[in-house]
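# A closer look at the structure
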Amino acid sequence: QNLTQQCGVEVTGLSAKPELNGKFGDVISYDGEAGRYMVLMQNPPTAVALQPKNCILREGTRVVLTDLANSRYNGQMACIAAVDRGAGRYTVHCQSGEDIKVKYEKVVC
């Protein structure tokens with residue numbers, strides 16, 4: 001099941017390619033086995049495989065929650081309501097109506 005929408009990201013926290021940090025791109029696919037987004041960077045146009053923890057999704061992006069300790073949220077659709085860069089977390093509005101905070105790597109767009 002591929003729920004990936006084309007959504008914009010900002011790259012963050014890369015140590016292997018620090019020159020990409022702060023740059024923007026678009027998610028073009030998600031490899032569930034590798035747990036990586038394929039991101040088409042904007043300038044210059046280059047495709048890179050990035051872990052979700054290295055991608056900051058925009059507010060309003062629809063996501064699916066995954067690998068949370070509280071398993072009742074796993075698999076739920078949610079919408080990113082806010083981004084807390086300092087904590088590396090999103091506030092998401094779940095389909096259940098609840099707002100919760102989750103780490104960047106706990107959602108898939």
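Here the structure is shown first, and the text comes after it.
All values derive from a computational prediction rather than experimental measurement.

### Observations concerning unusual backbone geometry
At the junction of asparagine 43 and proline 44, the peptide bond is cis and its omega measures out at -5° in the coordinates. In this structure, aspartate 67 takes a positive phi of about 60° despite not being glycine. Take aspartate 67: it is sitting in the loop between strand E6 (62-65) and strand E7 (77-84).

### A word on the pattern of salt bridges
Throughout the structure, instances matching the rule amount to two salt bridges. Linking glutamate 10 and arginine 85 is a salt bridge whose minimum nitrogen-to-oxygen distance equals 2.8 Å. Here glutamate 10 is found in strand E1 (residues 8-11), whereas its partner arginine 85 is found in the loop between E7 and strand E8 (89-94), with 75 residues between them in sequence. Of the residues examined, glutamate 10 reaches a relative accessible area of 16% and is grouped as buried. One salt bridge connects glutamate 98 with arginine 72, and the closest N-O pair in it is separated by 3.0 Å. With glutamate 98 in the loop between E8 and strand E9 (99-103) and arginine 72 in the loop between E6 and E7, this pair connects stretches of sequence that are 26 residues apart.

Criteria and cut-off values
Residues numbered from 1 in each chain as written. Predicted model: local features only at pLDDT ≥ 70, side-chain atom pairs only at ≥ 80, totals over all residues. Heavy atoms only, no water. Helix = DSSP H or I, 4+ residues; strand = E, 2+ residues; numbered from the N terminus. Salt bridge = Lys/Arg side-chain N within 4 Å of Asp/Glu carboxyl O. Buried < 20%, exposed > 50% of the residue type's maximum accessible area, 1.4 Å probe, protein only.

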